[in-house]
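Working through the structure, step by step
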Amino acid sequence: MRSPFAYLSALLSPVPDRTNPLDRDARLSHMALHDQETGLGNRLSLERAAAGANPVYVVLFGIDRFEVLRNAIGYDSMAGLLTTVGRRLSGLNGRAPVARVGAGILGLILQAPDDEEAVRTAARLCEAAQTPVILNGAPVDIALTAGLARTGLINRNVASPVDRASIAIDQARAVHKRAMGFDTVRYGDPAGNLSLISELMAALDNGEFSLNYQPKYDFRADGVGAVEALARWTHPRRGCVSPDLFVAMAEETGHIRPLTEWVIHQAIRDQAELRRAGHDLTVSVNVSGRLLSDEGFADFALAAVEASGARLCFEITETAVVGNPEVALRLLDRFAEAGISVSLDDYGSGLSSLTYLKQIRADELKIDKSFILGLDDSARDALLVKSTIDLAHGLGMKVTAEGVETPTALALLRGMGCDMAQGYLIGRPVSFEALLERLTGPARTASTVAA
Ligand code: C2E
Ligand code: CA
Ligand code: CA
């Protein structure tokens, strides 16, 4: 059996004599398979090594914050740094040849019995290779993130294992992991998503969007105290598109403002109809972080609320504020003046620092469902939830728990002094018509809900 390294090893043999015309072919093939700056193999050499009959792992190592580092130390030093790290990786992996696959990306071939072992080995290689590199006598700190892909697999979206490993680096960075294998599910179907993006704007005009409402149960009033508006996109061919997908897409492509403005318009109309039916409920709308630095959006929201006298609550997440605190805080103040209340959504799911709570004068804190779903079995979650409720109350905020799915969780939250509960136990998100029907139907109190 031919080792997958044999080919690369042969190619990495001493450089041919440039003056000898007989060596010309060898020289050309050497150039074709090597990176000029570092002398390491190039992408093609790695692809060839990966193309053997036996499945192996392509492992790519991305230098974290590569561009910042290159700007700081210069292109020449960067080449030296890459060469050094390449040699280290090679030495740590049985002298396997190392290739430079992208500006700040090195790669090698790894043999491992299974994915888990491959990821473990790659993480170990990162740890071992990322000691400081000495350049002109000064140590330069580096950090590596590895992405892996197994060869011999058929992937409709990304055919090349080198491309898959490269995407895996981004996936690993996104979840703060040292090394990770390519995750097909997480990657989704970018070609399909691309066409969705172009359809999003027309979809708003074509009436493909609608709002679902999820009730918030008020412990003290023992009834529905508010509702959260959740956007729904029913695509004519694909059916329901997940809000997590289209919201992220709209954020990335600058469409989040028209989408949110549509939601606010619709929510105000629905609230007026609820009022006419005798139900005076606050409507919560999710406002994406990007909009908290958009003065134009704030102007729109204030005008809409002023014209209608609507009672809205904006649910925001902390990334919104951490990114651009000055502008965000100014806009939040404007909202408060207009009588729009503010809720800190998904509290606990991110970093949720005390600075965040200190900065923002919010009316409500929404404890993330990840804590509430674990409430029944985890004393730790219960302790965290209880302390968070007390902290929020101390700061003058109401607390909503989201993700309440069991009567036990509901009872525990009541005991902890939580103000509102939201979740499948109380009610799933439903159409406006279904909400109206439910509100006008027989009252559902905590005991009937729990039953
Ligand atoms: P979110 O604001 O945290 O909304 C709550 C999500 O949790 C909803 O998912 C809801 O259906 C789900 N949920 C409610 N109760 C339970 C429960 O008891 N158990 C579990 N496991 N899940 C529960 P949905 O509707 O898929 O929305 C997902 C996310 O999409 C929302 O998370 C929100 O961040 C975003 N989103 C939805 N509509 C809008 C919108 O109009 N604008 C913006 N910016 N984001 C929106
Ligand atoms: Ca929300
Ligand atoms: Ca939430």
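This text follows the structure it describes.
The structure reproduced in this document is the subject of the present report. (Residues numbered from 1 in each chain as written. Chains lettered and ligands numbered in written order. Predicted model: local features only at pLDDT ≥ 70, side-chain atom pairs only at ≥ 80, totals over all residues. Heavy atoms only, no water.)

Turning our attention to the nonpolar core. Phe314, Phe335 and Val404 are the most contacted members of the largest nonpolar core, which totals 80 residues. No other element matches helix H11 (residues 256-276), which puts eight residues into this core. Those residues in contact with Val404 that sit more than four places away from it in its chain are Ile372, Ala409, Leu410, Leu413, Ala421, Gln422, Gly423, Tyr424, Leu425 and Ile426. The next biggest cluster of nonpolar side chains, apart from the first, holds 29 residues, and it includes Ile63, Leu106, Val140 and Leu144. (Core = buried A, V, L, I, M, F, W, Y, C linked by side-chain atoms within 4.5 Å. Buried < 20%, exposed > 50% of the residue type's maximum accessible area, 1.4 Å probe, protein only. Helix = DSSP H or I, 4+ residues; strand = E, 2+ residues; numbered from the N terminus. Contact = heavy atoms within 4.5 Å.)

This part covers the packing of aromatic side chains. The tally for this structure, following the rule as stated, stands at eleven aromatic pairs. Centroid distance Tyr213 to Phe432: 6.0 Å. Interplanar angle 65 degrees. Geometry classified as edge-to-face. Of the two residues, Tyr213 is situated in strand S8 (residues 209-218) and Phe432 in helix H19 (residues 432-440); the sequence distance between them amounts to 219 residues. Note on accessibility: Tyr213 and Phe432 belong to one class, buried. Residues Phe297 and Phe335 carry aromatic rings whose centres are separated by 6.4 Å and whose planes lie at 75 degrees to one another, so their mutual orientation is edge-to-face. On the criterion of sequence distance, the pair formed by Phe297 in helix H12 (residues 295-308) and Phe335 in helix H14 (residues 325-337) is long-range, its members being 38 residues apart. Through successive ring pairs, a cluster of aromatic residues spans Phe209, Trp233, Phe246 and Trp262. Lying across the ring of Tyr424, Arg428 places its NZ or CZ 3.9 Å from the centre. (Phe/Tyr/Trp six-rings, centres within 6.5 Å; stacked < 30°, edge-to-face > 60°. Lys NZ or Arg CZ within 6 Å of the ring centre and 35° of its normal.)

Taken together, Asp345 (OD), Asp346 (OD), Glu402 (OE) and Glu402 (OE) make up the full set of protein donors to the calcium ion (ligand 3), lying 2.2 to 2.6 Å away. Within one chain, the residues donating to the calcium ion (ligand 3) are spaced in sequence as D-D-x55-E. The distance between the calcium ion (ligand 3) and the calcium ion (ligand 2) comes to 3.9 Å, and Asp345 binds to both of them. Taken together, the residues Asp345 in strand S13 (residues 341-347) and Glu402 in strand S15 (residues 398-402) connect sequence positions 57 residues apart. With respect to burial, Asp345 and Glu402 carry one shared label: buried. (Donors = N, O, S within 2.8 Å, 3.2 Å for Na, K, Ca; no water.)

All told, the structure shown has 26 salt bridges when counted by the stated rule. The partner of Asp183 in a salt bridge is Arg186, and the shortest N-O contact between them spans 3.4 Å. Where Arg334 meets Asp299, a salt bridge forms, and the shortest distance between an N and an O atom there is 2.7 Å. Of this pair, Arg334 sits in helix H14 while Asp299 is found in helix H12, placing the two residues 35 residues apart along the sequence. Under the relative-accessibility criterion, Arg334 is labelled partly exposed at 23%. Overall, the relative accessible area of 42% leaves Asp299 in the partly exposed class. If you follow the salt bridges from partner to partner, you end up with Lys216, Glu228, Glu315, Glu364, Lys366, Lys369 and Glu402 in one network. (Salt bridge = Lys/Arg side-chain N within 4 Å of Asp/Glu carboxyl O.)

What follows deals with the site of ligand 1. Taken together, 21 residues surround ligand 1, and among them Gln214, Arg232, Lys369, Glu405 and Tyr424 come closest. Ala231 has a polar backbone atom sitting 3.0 Å from a nitrogen atom of ligand 1. Take Glu405: an N or O atom from its side chain is 2.5 Å from a nitrogen atom of ligand 1. Compared with its free state, where it exposes 790 Å², ligand 1 has 85% of that area covered by protein. (Near = heavy atom within 4 Å. Polar contact = N/O pair within 3.5 Å; in protein donor to acceptor, adjacent residues only side chain to side chain. Areas by Shrake-Rupley, 256 points an atom, 1.4 Å probe, with all protein chains shown as cover.)

Keep in mind that these numbers describe shape and distance, not what the molecule does.
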